Amino acid sequence: MKHIFANWKMYLDFDETMILTNQLLQEDFNLEKINLAFFPNALSCSEVIKAVQDSPIEVGAQTVNWTPRGAYTGGTSAEFYKNVGCKYALVGHSERRYVFGESDEDTHKKLSACLDAGLTPVLCIGETKEDREEGKTEYRLKKQLMKAFENLELGGNELIIAYEPVWAIGTGDACLPDEVFKIAKFITNEVKQYFEAYAPVLYGGSVKAENVVSYLSQDIVAGVLVGGASTKLDTFLAVIKEIENL
Ligand code: PGA
C-alpha cells in the first residue's frame, strides 16, 4: 500500500477544487494498492469531504491552529478539521516554515494539537539548498525531528513523515531516488529513537508521472506528497496510473 497525498496548496479556489475532486471521483482507480488523500484549502475541506464520502479517498488539512478554540482570528484548529471529517493534517510544510515564518516550536505545537484532536499528522521536514551545500542535511533533519518530538506522546496515534527537501519543491529539480532512499532510512532510524510505532516516510518535491515509480521502488519510501502535479487532472491521473501499475 502506497500513500499518494495531493497537496493542492493555494493553487485552486473553491470551484476549481470541487471540479477537480469530482473529475477524480469519476475515475476508476484501483485503490487497493493506493491510499489516496486530498489536501484542499481550508474553505473547501468540508465540501470535498462530502464529495468523497462514499469512496476510500481521505482528506487532510494543509495546516492547523494549535489551540482548539478561542480568540484566534483567522485560525482553523486541528479540532475543527477533525470535526468535519479530516483524517490527516500537514504540519511544518516548508512553505509554512519559510514563507509564513513558522518555527520548529510552532511545528511542535501543531503536531501536538493534531495528536490531541485525533488527526494523523504528516510532519514535513527537509533541508534548504544552503543546508545541503554546507553538508548539513542530516543535521537539519535531526534538529527538526528533535524539536518536533520534544515531550511528545503519540498515544496510539499514527504519525507520517514527509521528507521534502526545500530546494526540490516546485522547482522541477527532484531529489535523486538513491539519495531519497538513504535519507528515508536515516529518518526511519531517527524516529525509532523516539517512538516504538513505525512512522512511514513519504517523499515530496517535484514528483510527477515520469519519476514517481523510481521513488516507490523501495519499501523504505511509503508514498509521495505531490504538489503541482496533483493540481491538474491530466498530470495527477498520470501519477496515479504509474503507481497503479507498480
Ligand atoms: P511540488 O510540491 O510537488 O510542487 O514540488 C510538493 C509539496 O510542496 O508538498
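Read on for an overview of the structure. Every chain begins its residue count from 1, and numbering advances along the sequence as written. Confidence filtering applies because this is a predicted model: local features only for residues at pLDDT of at least 70, side-chain atom pairs given and counted only at 80 or more, and all residues used for totals across whole chains, interfaces and linings. As a rule here, side-chain values cover all heavy atoms of the structure and leave hydrogens and water aside.

## Topic: the nonpolar core
Here, nonpolar core means buried Ala, Val, Leu, Ile, Met, Phe, Trp, Tyr and Cys residues that are tied together by side-chain atoms lying within 4.5 Å of each other. Each residue's exposure class comes from its accessible area (1.4 Å probe, protein chains only) as a fraction of the maximum for that residue type: buried when under 20%, exposed when over 50%, partly exposed otherwise. In this structure, Leu36, Phe38, Leu123, Phe149, Ile161, Ile187 and Tyr203 are the most contacted members of the largest nonpolar core, which totals 70 residues. In this structure, Tyr88, Leu202, Ala222 and Leu225 belong to the second largest nonpolar core, which totals 12 residues.

## Side note on the site of the ligand
The local shell around the ligand holds 13 residues, among which Lys9, His93, Glu164, Gly170 and Ser206 are the closest. As used in this structure description, the phrase polar contact means that two N or O atoms lie within 3.5 Å; if the pair is within protein, one of them must be able to donate a hydrogen and the other to accept it, and residues adjacent in sequence are counted only when both atoms belong to side chains. Note that an oxygen atom of the ligand is positioned 3.4 Å from one of the side-chain N or O atoms of asparagine 7. Contact between the ligand and glycine 170: an oxygen atom at 2.6 Å from a main-chain N or O atom of the residue. In the complex, 97% of the free accessible area of the ligand, which totals 280 Å², lies under the protein chains. At a threshold of 2 Å from the grid points, most atoms of the ligand map onto the second largest pocket. Residue composition of the shell around the ligand, grouped by class: 4 nonpolar, 7 polar and 2 charged. If a single non-hydrogen atom of a residue is within 4 Å of a molecule or strand, that residue counts as near it. Each accessible area is a Shrake-Rupley result for a 1.4 Å probe, and residues are judged covered by the shown protein chains and nothing else. Lining residues are those with an atom within 4 Å of a point, where the points come from a 1 Å grid over the protein atoms alone and group into cavities, where a 1.4 Å probe fits but cannot get out, or pockets, open sets with protein on both sides within 12 Å along at least five of seven lines. What decides whether a molecule sits in a cavity or pocket is whether more than half of its atoms lie within 2 Å of the grid points. Residue polarity follows a fixed list, in which Ala, Val, Leu, Ile, Met, Phe, Trp, Tyr, Cys and Pro are nonpolar, Asp, Glu, Lys and Arg are charged, and the others, Gly among them, are polar.

## Brief notes about empty space enclosed by the protein
Grid points are joined across faces, edges and corners, and a volume is the space filled by probe spheres set on the points. One pass over the full model with this rule turns up 1 cavity of 30 Å³ or more. The volume enclosed by the largest cavity comes to roughly 30 Å³. For the largest cavity, the full set of lining residues is Gly92, Ser94, Arg97, Cys124, Ile125, Gly126, Gln144 and Glu164. Secondary structure elements follow DSSP: runs of H or I of four or more residues count as helices, runs of E of two or more count as strands, with numbering from the N terminus. Only α4 (94–99) and β5 (120–125) provide two or more residues apiece to the lining of the largest cavity. Residue composition of the lining of the largest cavity, grouped by class: 2 nonpolar, 4 polar and 2 charged.

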